[in-house]
Amino acid sequence: MAAELVISTRFGSQSMLQRKLRVGFALAGALMDALEARGLVGPADGSRARDVLVPTGAEEDVLRELRADLEPALQD
């Protein structure tokens, strides 16, 4: 859900994830770090929102690939 929010809004903000997903600061930070590790957002730059690295028009393909990668883990 975090990836969908960040990609669809083109806004990589930890505080946005906190508000929209109703999670705490630490979990929102961990989610942003996981999105960075997958190459979806750029590195943190102070309090600024992270750059979304998913090319415009490729959103659905990226999300489909991400869901396929995570599906086995979600079934456990």
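In the block above lies the structure referred to throughout.
Rules used in this analysis
Residues numbered from 1 in each chain as written. Predicted model: local features only at pLDDT ≥ 70, side-chain atom pairs only at ≥ 80, totals over all residues. Heavy atoms only, no water. Core = buried A, V, L, I, M, F, W, Y, C linked by side-chain atoms within 4.5 Å. Buried < 20%, exposed > 50% of the residue type's maximum accessible area, 1.4 Å probe, protein only. Helix = DSSP H or I, 4+ residues; strand = E, 2+ residues; numbered from the N terminus. Contact = heavy atoms within 4.5 Å. Axes fitted to C-alpha atoms, helices over the stretch in contact; angles between N-to-C directions. Parallel < 35°, antiparallel > 145°, perpendicular 65-115°, else oblique. Left-handed = near helix turned anticlockwise from the far one by under 90°. Nonpolar A, V, L, I, M, F, W, Y, C, P; charged D, E, K, R; others polar.

S.K.: Let's hear about the nonpolar core: which residues, and what values?
M.R.: Ranked by size, the top nonpolar core spans 17 residues in total, and within it Ala3, Val6, Leu17, Met32, Leu35 and Leu40 carry the most contacts. Put simply, the parts of the chain that give this core at least two residues each are α1 (2-9), α2 (14-21), α3 (25-37) and α4 (59-75). Top element by residues in this core is α1. It accounts for five residues. Each residue touching Leu40, except ones within four places of it in the same chain, is listed here: Ala3, Ile7, Leu35, Asp51, Val52, Leu53, Val54, Val62 and Leu66.

S.K.: Got a sec to walk through unusual backbone geometry? Specific residues and values, please.
M.R.: At Arg10, a position not held by glycine, the phi torsion is positive, near 60 degrees. The topology assignment puts Arg10 in the loop between α1 and α2.

S.K.: Could you give an account of the packing of α1 against α2, with specific residues and numbers?
M.R.: Viewed as axis vectors pointing N to C, α1 and α2 meet at an angle of 120 degrees, and their least axial separation amounts to 11 Å. In this view, α1 runs oblique relative to α2, as classed from their interaxial angle. Of the two elements, α1 crosses α2, and the hand of that crossing is right-handed. Contact residues: α1 offers Ala2, Leu5, Val6 and Thr9, while α2 offers Met16, Leu17, Lys20 and Leu21. The class makeup of the residues in the contact of α1 with α2 is six nonpolar, one polar and one charged.

It is worth stressing that arrangement in space is one thing and function is another; only the former is reported here.
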